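# Structure at a glance
Each chain, written out:
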Amino acid sequence: MASEMGEAIRQLMQEKGISEDSVKLTIENMLKAAYKRTYGTSDNAVVVFEDDLSDVTIYSRKTVVDGVYDPIIEIELEDARKLDPECEEGDEIDIPEDPKSWGRSAVSTGKQTGHQGLNESFKDNLYNEYKDKVGEIIIGYYQREKNGNIYVDLGKVEGVLPAKFQSPREKYEKNERIKALIVDIKKTSSGIQIVLSRSDPEFVRSIVELEVPEVYDKTVEIYKIVRDAGYRTKIAVYTNREDVDPVGACVGLKGNRIQNVITELLGEKIDVLKYDSDPTVFIKNALSPAEVSKVVILDEEKKQALAIVPDSQFSLAIGKQGQNVRLANRLCDWTIDVKTEEQAAGMDLSEFETRKAAINLFKDEETSESVNAISDLPGVDVRVADILKEAGIADVQQFIDAYEEDALKNIEGLTADDIEAVNKIISENVEFVEESDENPAETEAASESDSDEEEYFCPECGAKITLDMTHCPKCGVEFEFEEEEE
């Protein structure tokens, strides 16, 4: 039995990928559970493995006594000396047990405990292997469908593609290949289950990263993705390199790169457009493939805008069942009202145009030192600005202080190149002016006051006098200077 047990340990390690310690602990718990079923306790059970796992033995550890009270944990001195002639009263002695002699119920209990332990070890190992893969792409094969959910063979584990995470375009046959995004991991009675998604916008991001090297290496960055799975996806991209066209990089030569993404999404329409910090430009881009004549900001605080399109482009801008404008709203995070040029002609937009002109005029008159937020700096990397803001460095002065204290290098996700790039933008675009402690008006008033106090005139004749005179040099009148009480 012992040799068979050692062989079973090696098989479990090879077939299930369970660690040696986990298997040994499971076997030990199994034997102790059967022992307890036989003797009512396992406190004195001792399990010993050979170093090479070739053998495993369970012992009853008993105390040597003169007059046994509990035969489960005690042994007579005379009987003990038959096993070890040198033992004395009060010693402990380990007596080998033969599990084959135990009853059927004890063996059943041991097996059940062993199975439970192995299942838990197996689940823990699998969970630890896959827990860090959430957000990654995985490939499996269609197994079956139940209640709209698709079960996917992923090799060692099973994946489930819930109906809510499927694209309405997709239909599968048995053993057909399925590529999906891992969104969750759940433990089940038999192991773990990988929850998959093909409708998540992050699935599109992962596919684009695989097809577009510039996105993978961060030369081109994805600002945001919004999606109506199975119908249309909008991807806003940008780059900080002037020599790179972010949209062109994603589309590829003759559209081959984006076509590969479309093929993976089974024909879903994809709009790749350029992100712009100017909402009027971004909104115009977001409504593609429709051509937009003009974008009017109705309420900047409430993020409400009007997009004016040629009559022929109205249906395209709105999209089927409002899909295009709805996705544009989500992409820009603005509420966009689309009107034709004919409809807009009947609207009074003068108020909004005047307000915009005033704002633009004010902006034109602003000097470079009025730029406070890092995110407002021209050409700043959006990602870097967000990282700095999360670290509590939102404005230019905070950045300069942290830069001088060499505290920026400790911010996670920020490289030395990122820091120098922002510092260069600040040095080129922001002018720092030292403020005088004195108010110019007060200084001028003080100067006038000082000059007034230097000149005095005779109250009788008006001749100019000084403070050290006692008589007017012109009319001779006597006068006296008195200090005013405070």
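Structure: above.
Below you will find a few notes about this structure.

Calculation criteria
Each chain carries its own residue numbering, running from 1 in the direction its sequence is written. Predicted model: local features are reported for residues with pLDDT of at least 70 only, side-chain atom pairs are reported and counted for 80 or more only, and whole-chain, interface and lining totals are derived from all residues. The basis for every side-chain value is the complete set of heavy atoms in the structure, and neither hydrogens nor water enter the calculation. Helix and strand labels come from DSSP, where a helix needs a run of H or I of at least four residues and a strand needs a run of E of at least two; each type is numbered from the N terminus. For every residue, the accessible area (1.4 Å probe, protein chains only) is compared with the maximum for its type, and the residue is labelled buried under 20%, exposed over 50%, or partly exposed between those bounds. By definition, residues are in contact when any of their heavy atoms lie within 4.5 Å. Note on areas: Shrake-Rupley, 1.4 Å probe, and residue coverage restricted to the protein chains presented here. By this definition, two strands are paired if DSSP reports at least two bridges between them. Simply put, an axis is a line fit to the C-alpha atoms, just over the touching stretch for a helix, and the angle between two N-to-C directions goes from 0 to 180 degrees. For patch building, the residue pool is restricted to those with more than 30% relative accessible area and no salt bridge; the joining distance is 9 Å between like charges and 5 Å between nonpolar side chains (Val, Leu, Ile, Met, Phe, Trp, Tyr). Counted as salt bridges are all cases of a side-chain nitrogen of Lys or Arg within 4 Å of a carboxyl oxygen of Asp or Glu. In summary, the charge assignment counts Lys and Arg as positive and Asp and Glu as negative, without counting His or the chain termini. Think of each charge as sitting on NZ of Lys, CZ of Arg, CG of Asp or CD of Glu.

On to the overall build of the protein, then. Scanning the protein for helices and strands turns up 17 helices and 17 strands. The buried share of the protein, reckoned over its 486 residues, is 37%. Sequence-distant contacts in the protein: of pairs separated by 6 or more residues, those separated by 24 or more amount to 56%. Carbon together with sulfur atoms contributes 45% to the accessible area of the protein, which is approximately 29,700 Å² in total.

What follows is about helix α11 (residues 323-332). Burial analysis of α11 places seven of its ten residues in the buried class, the great majority of the element. Those residues of α11 that fall on the buried side of the exposure criterion are Gln 323, Asn 324, Val 325, Leu 327, Ala 328, Leu 331 and Cys 332. The elements touched by buried residues of α11 are β10 (221-228), β11 (232-238), β12 (269-274), α9 (279-286), α10 (314-318) and β15 (335-340). At the exit of α11 stands Asp 333, carrying a positive phi of roughly 65°.

The subject of this paragraph is the sheet that holds β11. Pairing between the strands of a sheet comes from backbone hydrogen bonds, and it takes one of two forms, parallel or antiparallel. The strand order across the open sheet formed by three strands is β10-β11-β12, and the pairing between neighbours is mixed. Across the chains shown, the open sheet's two edge strands, defined by having one partner strand only, are β10 and β12. Neighbour to neighbour, the strand axes of the sheet diverge by 15° on average, direction disregarded. Strand direction decides the pairing type here: β11 and β12, joined by six bridges, are parallel. Residue pairing in the sheet places Arg 232 in a bridge with Lys 269 of β12. Its contacts with the sheet place α11 against β10, β11 and β12, and it is angled at close to 140° to β10.

What follows concerns a negative patch on the surface. A cluster of acidic side chains, namely Asp 84, Glu 86, Asp 91 and Glu 92, defines a negative patch on the protein surface. Position of Asp 84 relative to the elements: it lies in the loop between α3 (77-83) and β4 (92-96). Looking at Asp 84, the relative accessible area reads 32%, which means it is partly exposed.

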